[in-house]
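Structure at a glance
Next come the chains, spelled out residue by residue.
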Amino acid sequence: MGGEPALLFKPVFPWVIPAFDPPYYANLYRSIDWGAGRSPVACGWYYADDMGHIIKYREYYERGTDIEEHAGSILDLSGKEEYIFTLLDTTHFTPGSGARFSIAELFDQCGLSCVEAQRPRDATKVVLLNRALALRLWPDGSEAPILQVCSNCPNTIWELPRIRWAEYRGQSAIEHNPREKIVQKDNHTFDELGYYLA
């Protein structure tokens, strides 16, 4: 279950907006959290609008171990869009034990080239996300957080309000900061969003 919620969500914050396609001139980015084994692969599509909102306008969230299938689905969803870069956790640029290729190399062989993402600690990602969720006044007089997620990203909308701090008991409670790590479950959109914000 975990401890207290890590992200400062409030029902009045209009962080979910209707789905739409970004304008043709937008600088576009993707961010991927690779899920090994039964964990899902999460990919988010982002751009910053003219006012400075960070908009997540599309997501991919699927379980499975076939990297060609994941890459193909991400490329299909991307269509003819062009991206400044696609982020992937830096740990996936080195082959795992006994593996010939890294996850990044396998993605590249499928036509999905990635660059190394910074890997901030959970606590840092929480700070970055809470800043992006903070309500602010915009030049047009509206009030909204910097981060806005389109309604066609149901897994992001479901996951983020459920991010909780990990609970420690006994000796572990003495050895760990209670605001050090989040519960390592249903946190895949949180991770890829953290890579993008970092």
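Residues numbered from 1 in each chain as written. Predicted model: local features only at pLDDT ≥ 70, side-chain atom pairs only at ≥ 80, totals over all residues. Heavy atoms only, no water.

Further remarks concern the overall build of the chain. Along the backbone of the chain there are 6 helices and 9 strands. Every one of the 198 residues in the chain was classed for burial, and the buried ones make up 43%. A separation of at least 24 residues holds for 66% of the contacts in the chain among residues at least 6 apart in sequence. About 10,900 Å² of surface is accessible on the chain, with carbon and sulfur atoms providing 50% of the total. (Helix = DSSP H or I, 4+ residues; strand = E, 2+ residues; numbered from the N terminus. Buried < 20%, exposed > 50% of the residue type's maximum accessible area, 1.4 Å probe, protein only. Contact = heavy atoms within 4.5 Å. Areas by Shrake-Rupley, 256 points an atom, 1.4 Å probe, with all protein chains shown as cover.)

This next bit is on the confidence of the model for the chain. Residues of the chain with pLDDT of at least 70 account for 87%, and the chain-wide mean is 86. Per-residue pLDDT, averaged within each element of the chain, yields its smallest value for helix α5 (residues 171–175) (48) and its largest for strand β2 (residues 29–33) (98). (pLDDT = per-residue confidence, 0-100.)

Where burial is concerned, most of helix α6 (residues 188–197) is hidden: 10 out of the 10 residues are buried. Within α6, the full set of buried residues consists of His-188, Thr-189, Phe-190, Asp-191, Glu-192, Leu-193, Gly-194, Tyr-195, Tyr-196 and Leu-197.

Turning to the packing of helix α3 (residues 122–133) against α6, a few remarks are in order. At a minimum axis separation of 9 Å, α3 and α6 run at an interaxial angle of 75°. Classed by the angle they form, the pair α3 and α6 counts as roughly perpendicular. Contacts between α3 and α6 involve Asp-122, Lys-125, Val-126, Leu-128, Leu-129 and Ala-132 from the first element and Phe-190, Asp-191, Leu-193, Gly-194 and Leu-197 from the second. (Axes fitted to C-alpha atoms, helices over the stretch in contact; angles between N-to-C directions. Parallel < 35°, antiparallel > 145°, perpendicular 65-115°, else oblique.)

It is worth spelling out the packing of aromatic side chains at this point. With the rule as written, the count across this model stands at 7 aromatic pairs. An angle of 10° between the planes, with centres 4.4 Å apart, marks the rings of Tyr-46 and Tyr-196 as stacked. Linking Tyr-46 in strand β3 (residues 41–48) with Tyr-196 in helix α6, this pair joins segments that are 150 residues apart in sequence. Note on accessibility: Tyr-46 and Tyr-196 belong to one class, buried. The residue whose ring lies beneath Arg-30 is Tyr-83, and the NZ or CZ to ring-centre distance is 4.0 Å. (Phe/Tyr/Trp six-rings, centres within 6.5 Å; stacked < 30°, edge-to-face > 60°. Lys NZ or Arg CZ within 6 Å of the ring centre and 35° of its normal.)

Further remarks concern α3. Residues spaced three or four apart along an α-helix point in a common direction, a consequence of the helix completing one turn every 3.6 residues. When the terminal C-alpha atoms of α3 are compared, their 16 Å separation across 12 residues agrees well with the 16 Å that a helix rising 1.5 Å per residue should span. Within α3 the residues assigned to the buried category are Asp-122, Ala-123, Lys-125, Val-126, Leu-129, Asn-130, Ala-132 and Leu-133. Turning to α3, the residues buried within the fold contact β7 (135–137), β8 (143–145), β9 (147–150) and α6. (Expected span 1.5 Å × (residues − 1).)

With that settled, consider the pairing of β9. Burial along β9 is two-sided: Leu-147 and Val-149 facing one way and Gln-148 and Cys-150 facing the other are all buried. Pairing between strand β1 (residues 16–17) and β9: 2 bridges, direction parallel. Residue pairing in the sheet places Val-16 in a bridge with Val-149 of β9. In the sheet, strand β4 (residues 54–62) pairs with β9 via 3 bridges, with the strands oriented parallel. Its bridge partner being in β9, Lys-56 is matched across the sheet by Val-149. (Pairing = 2+ DSSP bridges.)

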